[in-house]
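Summary of structural features
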Amino acid sequence: MTEALQNIFWILVFPGFVFTIVLGLVACWIVRKVSALVQWRVGPPLFQPFYDVMKLMGKETLIPQDGQRAVFIAAPIVGLAGVLLLSTMLWRTTITQNDFVGDIIVAIYLMILPSLALILGSSASASPHASIGTSREMKLVMGYELPLVLAFIIVIIKTGGQLSLAEITKFTPALSISGMLAFLVSLLCIQAKLGFVPFDIAESETEIASGLIMEYSGPLLAVWKMMQAMMLVALPLFLVMVFLGGFGTTAGWPLVWGIGKYVLVLVLIILIKNTNPRVRIDQAMKFFWVYCGIALAIAIILASIGSYYDINWL
Amino acid sequence: MKEMNILYISVFLPLIVGFLMLFLPNKIKSVSRALTFIISVVTFVLGIKIFTGGESDYILPILQLGESLGGLELELMLTVKPLGAFILMFAMGFGLLITLYSLKSVGANTKRINEYYGAILLTIGGTAGILLSDHLLFLLVFWEIVTVSLYILITTGGNKSNFAATKSFAMIGASDAAFMLGVFMIWKLSGTFVISNIDLATNSTLSIIAFLLLMTAAITKAGALPLHTWVPTSGEYAPVSAMALLPAAIDKLLGIYLLVIVVREIFDIQPGALTVVLSIIGSATIVIAVMVAMVQHNLKKLLSYHAISQVGYMILGIATCTPVGIAGGIFHMLNNAIYKCCLFLCGGAVEQASGTAELDKLGGLGNKMSITFTTCLIAALSISGIPPLNGFVSKWMIYQGVIKMGTQQTGGTAGFWPIWLTCAMFGSALTLASFVKLIHSIFLSRLPDKLKDVKEVSPFMTVPMVVLASLCVFFGVFYHVPLKLFIYPALGIEPGSAIFGTWMSGLSTILLIIGIGLGLLIWLFAKLSKNVRIVPTWTCGEVQSNESMRIPGTHFYKTVSRMSGLKQLYSGQEKGYFDPYDQGGKAGLGLTAFLKWLHSGVLPVYLTWVVLGLLIIIFVICKVQ
């Protein structure tokens, strides 16, 4: 009974919903503030993302009459639950140094859930703009999934066949040539998963009027915003755990180190976001399949040679 | 004695009744329907009894030749083994569900009802025979019965189905010939036809050839590359229920069953060149078939290509030669049969309700056919490997098998594992893409004007789909149950020793439900504050007709099919360059043209041939002496 209550506490408060959402909204603020600084603006106050979500909660919800209503309403909710599970799983693993819920394969598959929810939700809204968004988002998923799998293979080679996330955090694959390549490519994949420039093709406001989430409004849109905020916590944390050695075990300096790594990843993402124009979907797919694919194929060969001859820096 | 009868009845009752039914006049339809339904229920119950009854056998001597004739003994040996018994139970279950579905789905468009039901019974009996025989020759006979009944089932699909049926029969028949040749090579090597007495090593050329021949038979039946092309062709023309029964479910079960028997019992395959061959076939099947599936415009063809693609995972799992990989492969076989069968049944329901299987003529049916939509969505997410459904679990096990093979086995061939893993995991993302297109085009998007009056299909058709979709969820959330009940005992694996990853499916499902509850609270908040309004689609002020706003999913992946490099491959595939049946046909025509050219009708030419032949014969005879 106590275990069940503990589980519920984990998912609802710490490190689940409350913790992740607060951290996510703060991360949102960091994204907006740093972007503003890059563009020589002042930027919003710390509480602006909170205000945005709260305001949306009080707004009217419009539901398209030709759409599939159940899917339209359920999609953001399922997406939120998926990210919540992923975030809880990653934080719990970091804190207790024991696998919770699943291993790295499970994490990679859970990361598909929010994109899938977005796709189904937009597809259910019966809008032609949203249909184009659906198609683009799915192609983007197809695009980055290949380099992500290759990067995952490099991690497996570097850690000698470990699947457990807790074990993987004891290694630091980014301290080698192949691992660094894998980390950089995964960073771009995360960029695409978050839907940030240059990979905001599926939403592109100026072109297809935020495609995927065009028909969403009010609390349902707030759920999408919350989901995106939570992804901003979970996805960089995944990179930190898998490539950069995680948070370490005890409080104190390791915690500072861990937060430093997280902020580093976040700032890298923001800088990429602010220094690139949006690409077309065919360019994005070609970039992920051909250039990232070839880079990581070479990295896999390097890593295999490295593990065969015990050369750790390869 | 009682148990012996069970085995005997479960094989010969459907076979005899089915055979007789083929000759019944078509006027007494209701008799054959009722009879098929009753017999499929009986065989399903017998299947459960056989599975729960444990190991037993039944021997019926048929032929005994004297010593002078080689001392050949022929006995019909029916043996219950854990692997065969659990597959038998599920195969009989599929038979029952498809019969139930057929009661409403078949009949309107075919006049050959009795042949259809007769072939279904023949399939059921033949399947039981294959899974119970311990004698290779009888296995071969039952194997042929299933091939023939597939032919009959495809031909009931209407005018154009003859071509598809012939193609399937030619390809599977050719692989059956390879099977027969392989069986005789095994007899030559081991001196027996009894599977449990054979244990060969692949150290001689003959044994390697025998292995490859048997493997060819298994993968053709299961529908793996490069001998897969009969599946999409028959998928287009055969009745959907027949597709759901054979290529989607039972052919997979049988093909993979044979592969497991060949790899683990007849031969003792160790990691090496042969497993690399299997891995190449598996990985290539996964990626190539799914790439082709992605660009299909026809619902049934798309599903057929996925039926091919999924076989790759099973073959790859078996090729890893690790307990977790093989268990994952077998589990995937079972899971695939469940969700693939469900998808075909959903496809059939959509086709029957709307009158078309072309994706660009469909759309927005989710509101009209909510049961079909829900079951199809569950099966589609399951085949794409979305946690916590069953397809995820078996794929996850196969990935572990590949990783374990790569990191723990030594030797040069294990070093290729990144390629297999990339194909498998990337193939999973492509599968998702393909099914997003399918769900979008059929159930979401916008309803075409022509389909305003579509209604949900009859409960006879929805019940099998609901049963299969619930199995998808159950086997995913409580995956330990099927693993402990069916898979581990069948393979002799100690429970708990195989899987080395972590996936707490039950806990994560509860947590997901809590998360969904949280989201629902937010939605309830919106609903209670009465701030919900239903509005027409926002078109930025332009007035548009419904038809002009429809965007079907058929053009979703044009970006992929237009990529340089892939474009040429796609167009070659479209023209049948990679189809062994088409290419074999061309080679055959070339050969006959050559023979025609030889037969010029001029006497001196014939005489020259005769003399030449005579000279060769004399030379050979002299050489031998």
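Residues numbered from 1 in each chain as written. Chains lettered and ligands numbered in written order. Predicted model: local features only at pLDDT ≥ 70, side-chain atom pairs only at ≥ 80, totals over all residues.

1. Quick notes on the overall build of chain A
On a plain count of helices and strands, chain A comes out with 13 helices and one strand. Taken over the C-alpha trace, chain A has a radius of gyration of 19 Å; the compact-globule value for 314 residues is 20 Å, and the two agree within 12%. Across its three principal directions, the C-alpha atoms of chain A cover 65 × 50 × 40 Å. Buried positions account for 60% of the 314 residues belonging to chain A. (Helix = DSSP H or I, 4+ residues; strand = E, 2+ residues; numbered from the N terminus. Rg over C-alpha atoms; globule rule 2.2 N^0.38 Å. Buried ≥ 20, exposed ≤ 12 C-beta atoms within 10 Å, placed from the backbone.)

2. Looking at the overall build of chain B
Looking only at helices and strands, chain B features 22 helices and three strands. Here the C-alpha radius of gyration of chain B, 26 Å, is about what a compact globule of 625 residues would show, namely 25 Å. Here the C-alpha coordinates of chain B stretch approximately 100 × 65 × 60 Å along the principal axes. Taking as baseline every contact in chain B between residues at least 6 positions apart, the subset at least 24 positions apart corresponds to 82%. (Contact = placed C-beta atoms within 7 Å.)

3. Here's the deal with the environment of Ser307(A)
Looking at the element boundaries, Ser307(A) is found in helix H13 (residues 281-309). Ser307(A) sits 149 residues away from Lys158(A) along the chain, and the two C-alpha atoms are 7.1 Å apart.

4. Some points on the domain arrangement of chain B
By convention, interface size is frequently given as the accessible area that disappears when the constituent parts associate. Splitting chain B by domain gives domain 1 (1-269), domain 2 (501-530) and domain 3 (592-624). Each of domain 1 of chain B and domain 3 of chain B has a C-alpha centre, and these two points are 44 Å apart. (Domains from an automatic or database assignment.)

5. Quick word on the interface of chain B and chain A
In this complex, chain B contributes 64 residues to the contact, which on the side of chain A involves 67 residues. When residues of the side of chain B that touches chain A are traced back to their parent elements, those giving at least two are helix H14 (390-408), helix H15 (417-442), helix H18 (505-528) and strand S3 (532-535) of chain B. Per-element accounting of the side of chain B that touches chain A gives the leading share, 14 residues, to H18(B). When grouped by side-chain class, the residues that make up the side of chain B that touches chain A number 42 nonpolar, 19 polar and three charged. The pairing of strand S1 (residues 61-64) of chain A with S3(B) spans four bridges and is classified as parallel. (Nonpolar A, V, L, I, M, F, W, Y, C, P; charged D, E, K, R; others polar. Pairing = 2+ DSSP bridges.)

6. Looking at unusual backbone geometry
Omega for the bond connecting Val197(A) with Pro198(A) falls within 30 degrees of zero, at 0°, which places this linkage in the cis form. In this structure, Pro226(B) follows Leu225(B) across a cis peptide bond, with omega equal to -5°. Of note, the phi angle at Gln97(A) is positive, near 60°, even though the residue is not glycine. Considering the arrangement of structural elements, one finds Gln97(A) in the loop between helix H4 (69-96) and helix H5 (104-110). Its identity is not glycine, yet Asp310(A) carries a phi of approximately 60°, on the positive side. Tracing the backbone through its elements, the reader meets Asp310(A) in the segment after H13. Judged by the 7 C-beta atoms lying within 10 Å of it, Asp310(A) falls in the exposed class.

7. Some words on the packing of helix H13 (residues 370-383) of chain B against H15(B)
All names here are of chain B. Relative orientation of the contacting elements H13 and H15 amounts to 165°, with a least axis distance of 9 Å. Classified by the interaxial angle, the pair formed by H13 and H15 is roughly antiparallel. You can see that H13 and H15 cross each other, and the crossing is right-handed. Contact with H13, carried on its side by Leu377, Ala380 and Ile383, involves Thr431, Phe435, Leu438 and Ile439 of H15 and no other residues of that element. Its residues placed into classes, the contact of H13 with H15 shows six nonpolar, one polar and no charged. (Axes fitted to C-alpha atoms, helices over the stretch in contact; angles between N-to-C directions. Parallel < 35°, antiparallel > 145°, perpendicular 65-115°, else oblique. Left-handed = near helix turned anticlockwise from the far one by under 90°.)

8. A word on helix H22 (residues 603-624) of chain B
Taking 1.5 Å as the rise per residue, H22(B) with 22 residues should run 32 Å; its terminal C-alpha atoms sit 32 Å apart, in good agreement. Little of H22(B) is tucked away, with zero of its 22 residues classed as buried. (Expected span 1.5 Å × (residues − 1).)

9. Notes on the environment of Ala379(B)
Residues and elements named next belong to chain B. Here Ala379 lies in helix H13. Assessed through the 28 C-beta atoms surrounding it within 10 Å, Ala379 is described here as buried. Taking C-alpha positions, Ala379 is 8.4 Å from Leu468, a pair spaced 89 residues apart along the chain. In contact with Ala379, other than residues within four places in its own chain, are Tyr339, Cys342, Leu343, Cys346, Ala469 and Cys472.

10. Focus: the packing of helix H7 (residues 128-158) of chain A against helix H9 (residues 177-194) of chain A
Residue and element names in this part refer to chain A. Here H7 crosses H9 at 150°, and the two axes come no closer than 9 Å. Accordingly, the angle class assigned to the pair H7 and H9 is roughly antiparallel. Where H7 crosses over H9, the handedness of that crossing is left-handed. In contact with Leu140, Tyr144, Pro147, Leu148, Ala151, Ile154, Val155 and Lys158 of H7, H9 contributes Ser178, Gly179, Ala182, Val185, Ser186, Cys189, Ala192 and Lys193.

11. Notes on the confidence of the model for chain B
Residues and elements named next belong to chain B. Predicted confidence across chain B gives a mean pLDDT of 85, with 96% of residues reaching 70 or more. Ranking the elements of chain B by mean pLDDT puts strand S1 (residues 57-64) last, at 71, and H13 first, at 92. The ipTM for the predicted assembly is 0.92, set against a pTM of 0.90. (pLDDT = per-residue confidence, 0-100.)

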